[in-house]
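So the chains spell out like this:
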Amino acid sequence: MEIRKFDVVVIGSGTAGQTVATTCAKNGLNVAIADNRVFGGTCANRGCDPKKVLLAATEAIHISNNLQGKGIDTLPQLNWGNLQKFKKKFTKAVPAGTESKLNDLGIHLYHQSPKFIDKNTLKIEGKTVKAAKIVIATGQVPRPLHFKGSQFLKTSDDFLNLKKLPKHITCIGAGYIGMEFAHIAARSGAKITIIDNGKRPLNAFDPDLVELLVSVSKSIGIEFIFNSDVTQIKKLRKNLKITYTKKGKKKELKSRFVLNTSGRIPAINQLDLDKGNVAYSKKGILVNKHLQNPTNSNVYACGDVSDHSLALTPLSGLEGIVVAENIIHGNRKEIEATKIPSTVFTLPHLASVGLTESEAKKRYKNIIINYESVPQWFNAKRLQSKAYAYKLIINKLTNHIVGAHLLSENAGETINLFALAINNEISAEALKRTIFTYPSFSYDIKSML
Ligand SMILES: Cc1cc2nc3c(=O)[nH]c(=O)nc-3n(C[C@H](O)[C@H](O)[C@H](O)COP(=O)(O)OP(=O)(O)OC[C@H]3O[C@@H](n4cnc5c(N)ncnc54)[C@H](O)[C@@H]3O)c2cc1C
Ligand SMILES: NC(=O)c1ccc[n+]([C@@H]2O[C@H](COP(=O)([O-])OP(=O)(O)OC[C@H]3O[C@@H](n4cnc5c(N)ncnc54)[C@H](O)[C@@H]3O)[C@@H](O)[C@H]2O)c1
């Protein structure tokens with residue numbers, strides 16, 4: 001049987017996989033890439049980008065609602081069907097565009113999941129393929145939940161493709177996806193309930209700012225049920241009946257559509273990793289500082305699927321570059337300890353970079369915490385925003401900002417200035433001295449400092 005040989009085979013065509021494949025190909029390596037779904041990955045096809053397109057229309061609703069009677073008389077009417085058509089204009093072009101970009105670089109494309117046969121050999125599309133280096137960049141998939149009726153659960157993919165918005169949606173999980181989708185759906189006219197088995201949403205974010213976000217969320221009709229476990233979903237004629245337990249008591253609610261937003265797990269179960277002697281854990285493919293697998297040095301992993309990665313697009317891209325450079329030049333690049341900014345695209349946004357208050361207290365002896373809720377500031381008032389707050393954490397000794405946490409209409413943008421300051425050790429004083437445009441959210445940084 002003919003055996004096809006490549007320098008590099010990349011599994012997964014998302015941000016991480018594409019970055020590795022294109023960089024290696026541009027450097028003269030013979031590359032193949034495989035994906036078992038449409039090419040282009042989660043972010044562009046069924047994640048960040050389509051979500052942000054849906055969000056744009058709800059931003060119009062949000063701002064109009066806030067300014068009703070203050071210059072806005074007639075509220076805009078959201079047309080979910082047309083919004084979905086608009087969104088499709090973005091997503092439809094992604095798979096073919098990605099394939100053509102990869103083809104143009106001479107990269108061989110496979111459209112199935114490879115399986116390891118041994119350390120350097122894969123079976124793909126029924127063929128045996130050998131590669132000097134194999135890169136696993138398969139991302140994550142929704143965490144399966146196991147209870148009676150869990151087959152009725154829908155995923156983020158289903159939500160993003162909804163032709164009609166259900167009257168009532170329940171999200172199981174108050175993380176990034178649950179909170180962002182709840183805000184989109186609530187402003188589009190649906191009634192939302194979020195059930196979480198924890199005591200609050202968005203665990204990794206500052207508790208004071210999250211509390212304010214919860215209160216805004218409630219004001220747009222989102223209902224929260226915390227410390228609760230869903231035990232069963234039963235199909236009724238039109239609705240689904242959700243049974244859950246809270247403090248040992250059995251409770252029920254009815255909903256048209258139940259979304260599993262309880263987190264995502266590494267997409268590794270189709271790869272036969274044991275045959276390739278590839279070490280992995282529940283968190284993903286194990287990697288060292290060069291993003292190389294400790295038990296099979298021919299294998300690298302990057303993006304969401306690696307065991308230490310935060311599931312964020314910019315980090316997946318960064319890791320893709322590290323892997324590509326290590327394959328091309330030998331292991332010379334390590335993953336840098338950059339502070340990665342992150343935004344929950346609710347309205348207002350919740351954004352964060354660097355240490356949380358509790359992390360900073362453990363790490364530094366003397367810190368300054370500037371925490372304030374400032375709905376009276378001009379930028380909040382002109383937009384009639386229900387919440388504007390910040391928490392900055394500064395190392396007293398060096399005057400460097402070590403953590404920034406923002407809740408504002410523009411936090412997703414403003415946080416990038418803090419990422420710049422933290423990662424480049426620009427002092428709080430230097431940031432305060434810098435001239436920013438006025439009136440802008442960036443200008444507010446001066447008052448925060
Ligand atoms: C709804 C949603 C919204 C998000 N919003 C944001 C956001 O606003 N900002 C942000 O930074 N991040 C966001 N994320 C996270 C972001 O999408 C991921 O961090 C990013 O896409 C990861 O890139 P990746 O290349 O590691 O993996 P992916 O983009 O997931 O790519 C992995 C690819 O591997 C393929 N694959 C999987 N298994 C196999 C297999 N066995 N064989 C072959 N191919 C396989 C998949 O089909 C996929 O194309 C969001 C995620 C979701 C789900
Ligand atoms: N704006 C962004 O950058 C963005 C947006 C979406 C997703 N993402 C990335 O994707 C990842 C996955 O997002 P996600 O929202 O799916 O997960 P998540 O980890 O953010 O949140 C999962 C939530 O589900 C809850 N949960 C877990 N098991 C549960 C159960 N059995 N019952 C009830 N609640 C349960 C958790 O307590 C948590 O609040 C994120 O961690 C993030 O890195 C990023």
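- Labelled according to an unreviewed UniProt entry, the chain appears under the name Dihydrolipoyl dehydrogenase, originating from Postechiella marina.
- The UniProt entry for the chain carries the following comment under Cofactor (unreviewed entry): "FAD".
- Recorded in UniProt for the chain, the comment headed Sequence similarities (unreviewed entry) runs: "Belongs to the class-I pyridine nucleotide-disulfide oxidoreductase family."

### Comments concerning the UniProt feature "domain: FAD/NAD(P)-binding" (unreviewed entry) in the chain
Here's step 1: UniProt annotation of "domain: FAD/NAD(P)-binding" (unreviewed entry) refers to residues 6-314 when read in the numbering used here.
Here's step 2: Across residues 6-314, the secondary structure splits into 30% helix and 27% strand, with the terminal C-alpha atoms separated by 28 Å.

### Notes on the site of ligand 1
Here's step 1: The environment of ligand 1 is made up of 37 residues, and the closest members are Asp35, Thr42, Lys51, Ser113 and Asp304.
Here's step 2: Threonine 42 is positioned such that a nitrogen or oxygen atom in its side chain is 2.5 Å from an oxygen atom of ligand 1.
Here's step 3: A distance of 2.9 Å separates an oxygen atom of ligand 1 from a polar side-chain atom of aspartate 304.
Here's step 4: Considering ligand 1 on its own, with 1,000 Å² of exposed area, one finds that the protein chains cover 92% of that surface.
Here's step 5: Mapped by element, the contributors of at least two residues to the shell around ligand 1 are helix H1 (15-26), helix H2 (41-46), helix H3 (48-66), helix H7 (176-187) and helix H9 (313-329).

### Let's talk about the UniProt feature "domain: Pyridine nucleotide-disulphide oxidoreductase dimerisation" (unreviewed entry) in the chain
Here's step 1: As annotated by UniProt and renumbered to match this structure, "domain: Pyridine nucleotide-disulphide oxidoreductase dimerisation" (unreviewed entry) occupies residues 340-446.
Here's step 2: Within residues 340-446, the helical portion is 32% and the strand portion 30%, while the C-alpha atoms at the span's ends are 22 Å from each other.

### Focus on the sheet that holds strand S13 (residues 249-255)
Here's step 1: Pairing within the open sheet is antiparallel, and its three strands lie in the order S11-S12-S13. Of all the strands in the sheet, just strand S11 (228-235) and S13 have a single pairing partner and so form its edges. Pairwise comparison of adjacent strand axes, ignoring direction, gives a mean angle of 25 degrees for this sheet.
Here's step 2: As defined by bridge partners, S11 adjoins strand S12 (residues 240-246) across seven bridges and the pair is classed as antiparallel. Opposite isoleucine 233, over in S12, you have isoleucine 242 as the bridge partner.

### What to know about the sheet that holds strand S23 (residues 400-408)
Here's step 1: If you walk across this open sheet you meet the five strands as S19-S20-S23-S22-S21, and the pairing is antiparallel. What marks the edges here is a single partner per strand, and that holds for strand S19 (342-344) and strand S21 (367-373). Each strand axis lies, on average, 10 degrees off the axis of its neighbour in the sheet, ignoring direction.
Here's step 2: Alignment of strand S20 (residues 349-354) against S23, held across six bridges, turns out to be antiparallel. Each residue of the ladder has a partner; that of glycine 354, found in S23, is glycine 403.

### Some thoughts on the nonpolar core
Here's step 1: By size, the foremost hydrophobic cluster in this structure holds 44 residues, and its most contacted members are Val135 and Ile136.
Here's step 2: Secondary-structure elements contributing two or more residues to this core are strand S1 (3-11), H1, strand S2 (31-34), strand S3 (108-110), strand S5 (121-124), strand S6 (127-136), strand S18 (299-301) and H9.
Here's step 3: Membership of the second largest hydrophobic core comes to 38 residues, among which are Leu55, Trp80, Phe159 and Leu160.

Thresholds applied
Residues numbered from 1 in each chain as written. Chains lettered and ligands numbered in written order. Predicted model: local features only at pLDDT ≥ 70, side-chain atom pairs only at ≥ 80, totals over all residues. Heavy atoms only, no water. UniProt positions renumbered as here; feature names shortened; annotations may be inferred. Helix = DSSP H or I, 4+ residues; strand = E, 2+ residues; numbered from the N terminus. Near = heavy atom within 4 Å. Polar contact = N/O pair within 3.5 Å; in protein donor to acceptor, adjacent residues only side chain to side chain. Areas by Shrake-Rupley, 256 points an atom, 1.4 Å probe, with all protein chains shown as cover. Pairing = 2+ DSSP bridges. Axes fitted to C-alpha atoms, helices over the stretch in contact; angles between N-to-C directions. Core = buried A, V, L, I, M, F, W, Y, C linked by side-chain atoms within 4.5 Å. Buried < 20%, exposed > 50% of the residue type's maximum accessible area, 1.4 Å probe, protein only.

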